[in-house]
Amino acid sequence: MKILTLIKLTLDISQLKYESTGEPLTEIAPKKMGDSDKCAVEEAVRLKEKLGAYTVVATIGSTSENERIIRDAYAMGIDEGYIVKVEDPEILQATSIGKIVSSLVEKTGPYDLIILGAGSLDTHSYTLGSIIASKLNIPIIAGVDSLQYVDGFFEALCIMEDGAYTFRAKAPLVVTVTTEANEPRIPTLKTILRSKKMEVKTLTIHDLGVDDVVKVDLLDVKRYVVNRRKILWDASEDLEKAVDKFIEVLVSEGVAQ
Amino acid sequence: MDFEFSEEEVRFRESVQEFCKRYIEPRWVEIDEGGKIPLELIKKMGEQGLFMIPVSEEYGGMGGTITMAAIAIEEIAYHDPSVAVAVYALLNNGWPFIMEKYSLEDVKREILPKVARGEAFYGIASTESQGGSDVAGIKTLAIKKGDKWIINGEKTYISGVREIQELPQGGGYFLVAKTGKVEYGHRNITAFNLILKWDGKVREGWKPTLFEEIGRRGISTGAFTLEDFELEDKYRIGEENKGFYYLMEGFNVARILVAAATIGSGRWAIDQAIEWIRNRRLFEGRPISSFQGVSFRFSELYGELEAAKLLTYRAAWLADKIYIERDRKWREQDLNVPVALCKMKAPEATGKIYEELMKWYGAYAYTKDCNAFRGWIGTLSYLVGAEGAQNIMRIIIARDIIGREYVKG
Amino acid sequence: MKIMLYGESIEWIKQARTVADILDGETIGVTPSRELGNEAVKILNKVYVFDSIHYEPNSYYKTIYKIAEEVKPDLSIFPSTIKGRTLAGLYAGSRDEPVITDVVDLRYVGRFLEVKRLVYGGACVAVLRASTPLTICISQGAFKPSEKGENGKIEYFSRVDEERVQTIFKPREYLGIPLERAEVVVVAGRGFKKREDLEMVKELSSRLDGAWSVTRPLAADYGWADTWIGISGAIVSPRLYIAIGVSGQPLHMIAARNSKTIIAVNKDPSAPIFEEVDYGIIGDLYQVIPRLLEKIKKKT
């Protein structure tokens, strides 16, 4: 079995700071492999341990930080890795990324499983897995909370708002995993030192036969400020008053008499 | 000069942080309050490779550096400011490192892999009731009979006494005992791998007791007597009567890790302080950080911690040059002052930070709703002299810098 | 402009209709249920219905794609949920057109569309310029439900099946109103110390004829509930959102932001939630909520 894991250099939104104008300071925000990406890598490595699968990781970007997340994936147990060199990958359209990945799959595949995180919390659109699936004409199982491989079938549990779905399909397949799928292993010092010596291959979009990338026409990004009234009452000073005010709100919203 | 950590050191630090956030941070108060580190946590730490970091891979170690060990200890202590877990880890990093240098091959293969996996404990047994700093004055006696040593004596204020009894394998200590003529002073001390419990069996002649500590309660502190305790000669560490020197080497490495532990705890205290002084509002809603009495003091304490941190990593860097890289430019004794400096400064800086933090908290700090006291009392163990009395550090520095003949009494 | 919209609930279809109202477009709906189709024709110009037992994205998108071949939409709208975005990606990928998700607003500016979407876990809004053909996913509650009515035509369409995937579905047992449809939602956060204390939340929600839920840690970490409100869970937009013992982390608040009124109870005055409330009570929930329940009981 051969597995491709896609990972992304994601910024840590809990560390995101802003200009006074509301513009996010994305350049200086710390970046790392996204949490659901780590779960995708973990899932791939588990299949390697259980079934002897050969695992490949790929990312799109150009800085040395991208090389670092490939090595982080190596330290978790991935066998081989690629960086597709693209400047400012965050502003690429999802369909453009999908084209690049599909070409990468055609060049380095075939793969039985293409696995990625269900959503990175930055500018990701949660659609990449689907776009890849449509371009390769293979099925997708998205938002997987638990993945098994049984009798030649991938079996995935997806818990959604209306209930629990179990999807079964044979390879080849695209799967996107949520952070519920597993607890990613933490690299040890030994695996970190070993990962330093492994090769990271780089490719350009031309190597993949892709002529051009399509960028998103981004006009502006600002902090999302919802204007709320922010009327506060201190219950520790006056519990009765605070509770009465609460009830007043309930009444004015029409939910209580 | 390069004041940056290498990429691997940064990645390793992050991996330790991730481990600590998952498995240590949520439980540190429980560990301190309950007075016990769960055995499964010790096993997990072993699996994660947090023990025996600078020991060769051949014996189950991580093949890393003392700097890497210091990084791990600092982060563990940041996530358990009572430092109990960090102390457990540093003992099982520092003392196996020295033991590896001088023990017999098959003894290393017997003992070390189990320590690496968190199945056995390996610590230090030097202190006796009549003196800790005065190592030359120890009374525990080891007499050779054929290919065995018969050991009689007692050791006190020893960490890990309970853990050895509870861990599945057991464990033991880097022990120092008198083996030669009394007149030879410190040249009649031999070091041993004192295996007290192994393969689940406790050896005859070992009688342990436990103390109740006021802080750093997760790791046990106890005492034990050895009554006609038999130990095979193969467990001797290095040459007879050279034990004092091996001990001093061991203390040099262990003290760097101790400094790293107190810095980790001090860093936690600093972070708590920042949060508190920003948000505690008094006198018309001013944050107390807006009072210069508070912010100035904060800056001083921050400076002390940073200074101690740099001293610690400088000592770790030098220890790596000497022991790991075997860079001939440096001699072992070059390590004495850098180590004494960081072991002197780090607990003192951290102690001052906690004292001030408690004052900023006010009455809140005096209740168990506030956990800062756990860090204060935990790191106090190093101010009262664990792993080397603070004033012994001053003697080491004075002797070296002012000159031995000028500081003699 | 021809606007095709795929929806599984009438509330959502009304919200998507609002987008069409803004752009002054012709509306064609696609639904996987006849019942919903019959309701939708009162709101949309035309509705395609395909029979379905349960959701399976690989079959659904092939069906919707075929319908789109007939309709030739300029703009296609899906819900911005796990299901919706998966479908939208498959659909847009096969039509080779751009897809923009988590859309909260859009309008014409000259020849182009200016689309506002949420990024960075909901912390920021990005404004993009786009042109049709385009696929978008709209966020729950971002657009008010449209009041417009139509007399639309219904057409039945056979479902295209994806044989390569088998599906087994276990529906959730609803103990009350589904979260997405509730007018009042009460949410419990980490201020709660014991699972049994959630009874207060259940009681409050029931007295207000609403639904209740928890924040992610209470479900995923403590196991006190199956689902939660948050970016990786349910997204709600009720008239009244009551957050009790909730600190207000961005990954939670993004899922509640489109509520009309937010009121919170938290004992920490510096909790981030107080930046996003209309009304807030600084106090211990263990004092405030029992007293609140007492007073509400007295009134009724």
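Residues numbered from 1 in each chain as written. Chains lettered and ligands numbered in written order. Predicted model: local features only at pLDDT ≥ 70, side-chain atom pairs only at ≥ 80, totals over all residues. Heavy atoms only, no water.

Q: Describe in detail the packing of helix 9 (residues 292-324) of chain B against helix 10 (residues 336-361) of chain B, supporting the description with residues and values.
A: Residues and elements named next belong to chain B. At their nearest, the axes of helix 9 and helix 10 sit 8 Å apart, and the two run at 155 degrees to each other. Classified by the angle their axes make, helix 9 and helix 10 are roughly antiparallel. Crossing geometry of helix 9 relative to helix 10 is assigned as left-handed. Counted together, V294, R297, F298, L301, E304, L305, A308, L311, T312, R314, A315 and L318 of helix 9 and P338, V339, L341, C342, K345, A346, A349, T350, K352, I353, E356 and W360 of helix 10 form the full contact between these two elements. Here the contact of helix 9 with helix 10 is built from residues that sort into 16 nonpolar, two polar and six charged. (Axes fitted to C-alpha atoms, helices over the stretch in contact; angles between N-to-C directions. Helix = DSSP H or I, 4+ residues; strand = E, 2+ residues; numbered from the N terminus. Parallel < 35°, antiparallel > 145°, perpendicular 65-115°, else oblique. Left-handed = near helix turned anticlockwise from the far one by under 90°. Contact = heavy atoms within 4.5 Å. Nonpolar A, V, L, I, M, F, W, Y, C, P; charged D, E, K, R; others polar.)

Q: Can you lay out the environment of I154(C) for me, pointing to particular residues and giving the numbers?
A: Residue and element names in this part refer to chain C. Here I154 shows up in strand 9 (residues 153-157). A relative accessible area of 30% places I154 in the partly exposed class. Taking the C-alpha atoms as reference points, I154 and A40, separated by 114 residues in sequence, lie 8.9 Å from one another. (Buried < 20%, exposed > 50% of the residue type's maximum accessible area, 1.4 Å probe, protein only.)

Q: An account of the sheet that holds strand 13 (residues 240-244) of chain C is requested, with residue identities and associated values reported.
A: Across a sheet, strands are paired by hydrogen bonds formed along the backbone, either parallel or antiparallel in direction. Spatially, the six strands line up as an open sheet ordered 14(A)-15(C)-14(C)-13(C)-11(C)-12(C), and their pairing is parallel. Two strands bound the open sheet, and with one partner strand each, they are strand 14 (231-234) of chain A together with strand 12 (211-214) of chain C. The mean inter-strand angle of the sheet, taken between neighbouring strand axes irrespective of direction, is 15 degrees. Pairing of strand 11 (residues 184-188) of chain C with strand 12 of chain C involves four bridges; the strand directions are parallel. Among the inter-strand pairings, V185(C) is bridged to a residue of strand 12 of chain C, identified as A211(C). (Pairing = 2+ DSSP bridges.)

Q: Run through the confidence of the model for chain A, naming residues and quoting values.
A: In this model, chain A carries an average pLDDT of 91, and 99% of its residues clear a pLDDT of 70 or more. Least confident of the elements in chain A is strand 2 (residues 9-11) of chain A, whose mean pLDDT is 87; most confident is strand 1 (residues 2-6) of chain A, at 97. (pLDDT = per-residue confidence, 0-100.)

Q: Describe the sheet that holds strand 8 (residues 134-138) of chain C, and please don't skip the residues or the numbers.
A: Taking strand neighbours across the sheet as the criterion, the ten strands line up as 13(A)-7(C)-6(C)-5(C)-8(C)-4(C)-1(C)-2(C)-3(C)-9(C) in an open arrangement whose pairing is mixed. A single partner strand is all that each edge strand has here, and the edge strands are strand 13 (217-223) of chain A together with strand 9 of chain C. Averaged over all pairs of adjacent strands, the angle between their axes in this sheet comes to 30 degrees, without regard to strand direction. Bridge count between strand 1 (residues 2-6) of chain C and strand 2 (residues 26-31) of chain C: five bridges; the pairing is parallel. When the bridges of strand 2 of chain C are listed, K2(C) appears paired with E26(C).

Q: Let's hear about helix 11 (residues 372-383) of chain B: which residues, and what values?
A: Residue and element names in this part refer to chain B. Under the 1.5 Å per step criterion, the end-to-end length of helix 11 is 17 Å for twelve residues, consistent within 8% with the ideal 16 Å. Turning to helix 11, its buried residues are A372, R374, G375, G378, T379, S381 and Y382. Against the buried residues of helix 11 lie helix 2 (28-34), helix 5 (84-102), helix 8 (243-279), helix 10 and helix 12 (390-401). G385 lies just past helix 11 and shows a positive phi near 115 degrees. (Expected span 1.5 Å × (residues − 1).)

Q: Describe the packing of helix 10 of chain B against helix 12 of chain B, and please don't skip the residues or the numbers.
A: All names here are of chain B. Contact pair helix 10 / helix 12: the axes reach a minimum separation of 9 Å and the direction vectors enclose 145 degrees. You can see that helix 10 and helix 12 cross each other, and the crossing is left-handed. Residue-level contacts link N336, V337, A340, L341, K343, M344, P347 and E348 of helix 10 to Q390, M393, R394, I396, I397, D400 and I401 of helix 12. When grouped by side-chain class, the residues that make up the contact of helix 10 with helix 12 number nine nonpolar, two polar and four charged.

Q: With reference to specific residues and values, describe the interface of chain A and chain B.
A: Listed per partner, the contact involves 16 residues of chain A and 20 residues of chain B. When chain A packs against chain B, close to 1,600 Å² is buried across both sides, 58% of that on carbon and sulfur atoms. Of all residues in chain A, R68(A), I186(A) and L189(A) bury the most surface against chain B, accounting for 43% of the area lost on that side. We note a salt bridge from K190(A) to E57(B), for which the minimum N-O separation is 4.0 Å. (Buried area = accessible area lost by both parts, 1.4 Å probe. Salt bridge = Lys/Arg side-chain N within 4 Å of Asp/Glu carboxyl O.)

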